Amino acid sequence: MTDLDTLKLALRDFAAARDWRQYHTPKNLAMALIVEAAELVEHFQWATPEESRAPSPEKLAAIRDEVADTLIYLVELADALDIDLIAAARDKIAKNAVKYPAPQ
C-alpha cells in the first residue's frame, strides 16, 4: 500500500471480514483514535527532547506501532464521515497560511 485510498480500502476489507464495520461509528472511531494517540504519547512521557529524538530501536518499534494504530483509526474515521484526508489537510494548510503568515 502506498496511498491513502488503497489503505482505506484495505481497512474496509479487514473490518468487513471480521464484521467490525457495525462498531466503526464516528464516535467509536474518534474514541479509539484518542486512545491510540495517548498510547503514543506514553512513549515520550518524561523523555528529554534529546531522548525523544533518538529512541532505542525497541522503543522506536513500539512508537511505530502506535503511529500506525493512530493513522489507521484516523483513516477509518475519515472514511466513516466521507472526508478526503488529503483535501482536508491541503485546505487546512491554506487556512493556517492565512492565520499564521510567514515572516517577511
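In the block above lies the structure referred to throughout.
Our subject in this report is the structure included herewith.

**Section: the packing of helix α2 (residues 26–42) against helix α4 (residues 57–80)**
Closest axis-to-axis distance for the α2/α4 pair is 9 Å, and the angle between their directions is 160°. One element, α2, and the other, α4, form an angle in the roughly antiparallel class. The chirality of how α2 crosses α4 is left-handed. Contact residues: α2 offers P26, L29, A30, A32, L33, E36, A37, E39 and L40, while α4 offers I63, E66, V67, D69, T70, Y73, L74, E76, L77 and A80. For the contact of α2 with α4, the per-class residue count stands at 13 nonpolar, one polar and five charged.

**Some details on the environment of E42**
Checked against the element boundaries, E42 lands in helix α2. Through-space distance from the C-alpha of E42 to that of S52 is 11 Å; in sequence the pair is ten residues apart.

**Concerning the side chain of E36**
You can see E36 is positioned in helix α2. Although buried, E36 forms no salt bridge, and the nearest oppositely charged side chain, R64, lies 14 Å from it. When near neighbours in sequence (up to four residues on either side) are disregarded, E36 contacts E66, D69, T70 and Y73.

**Quick look at α2**
An α-helix turns once every 3.6 residues. As a result, residues three or four positions apart point the same way. Look at α2: 24 Å from first C-alpha to last across 17 residues, which is about the 24 Å you get at 1.5 Å a residue. Taken together, the buried positions of α2 are L29, A32, L33, E36 and L40. An end-on view of α2 places all buried positions within 105° of arc, on one side of the element. The exposed residues of α2 that point more than 90 degrees off its buried face are K27, I34, V41 and E42.

**So, a nonpolar patch on the surface**
Taken together, the side chains of F14, W20 and Y23 present a nonpolar region at the surface, about 340 Å² in accessible area. Relative to the elements of secondary structure, W20 occurs in the loop between α1 (4–17) and α2.

**Here we look at the packing of aromatic side chains**
This model, assessed by the stated rule, comprises one aromatic pair. Both rings, one in F14 and one in W20, keep their centres 5.6 Å apart while their planes meet at 65°; by these two values the pair is edge-to-face. Stacked on the ring of F14, the Lys or Arg R18 has its end atom at 3.5 Å from the ring centre. In this arrangement the basic side chain of R18 is found over the ring face of W20, its NZ or CZ atom lying 5.9 Å from the centre.

**Examining the packing of α1 against α4**
Between α1 and α4, the least distance of the axes is 10 Å, while the angle of their chain directions is 90°. The orientation of α1 with respect to α4, classified from their angle, is roughly perpendicular. Only L71, I72, V75, E76 and D79 of α4 make contact with α1, whose side of the interface consists of L4, L7, K8, L11, R12 and A15. Considering only residue class, the contact of α1 with α4 consists of seven nonpolar, no polar and four charged.

Calculation rules
- Residues numbered from 1 in each chain as written.
- Predicted model: local features only at pLDDT ≥ 70, side-chain atom pairs only at ≥ 80, totals over all residues.
- Heavy atoms only, no water.
- Axes fitted to C-alpha atoms, helices over the stretch in contact; angles between N-to-C directions.
- Helix = DSSP H or I, 4+ residues; strand = E, 2+ residues; numbered from the N terminus.
- Parallel < 35°, antiparallel > 145°, perpendicular 65-115°, else oblique.
- Left-handed = near helix turned anticlockwise from the far one by under 90°.
- Contact = heavy atoms within 4.5 Å.
- Nonpolar A, V, L, I, M, F, W, Y, C, P; charged D, E, K, R; others polar.
- Buried < 20%, exposed > 50% of the residue type's maximum accessible area, 1.4 Å probe, protein only.
- Lys, Arg positive; Asp, Glu negative; His and termini not counted.
- Salt bridge = Lys/Arg side-chain N within 4 Å of Asp/Glu carboxyl O.
- Expected span 1.5 Å × (residues − 1).
- Arc of directions from axis to C-beta.
- Patch = residues over 30% accessible without salt bridge, like charges linked within 9 Å, V, L, I, M, F, W, Y side chains within 5 Å.
- Areas by Shrake-Rupley, 256 points an atom, 1.4 Å probe, with all protein chains shown as cover.
- Phe/Tyr/Trp six-rings, centres within 6.5 Å; stacked < 30°, edge-to-face > 60°.
- Lys NZ or Arg CZ within 6 Å of the ring centre and 35° of its normal.

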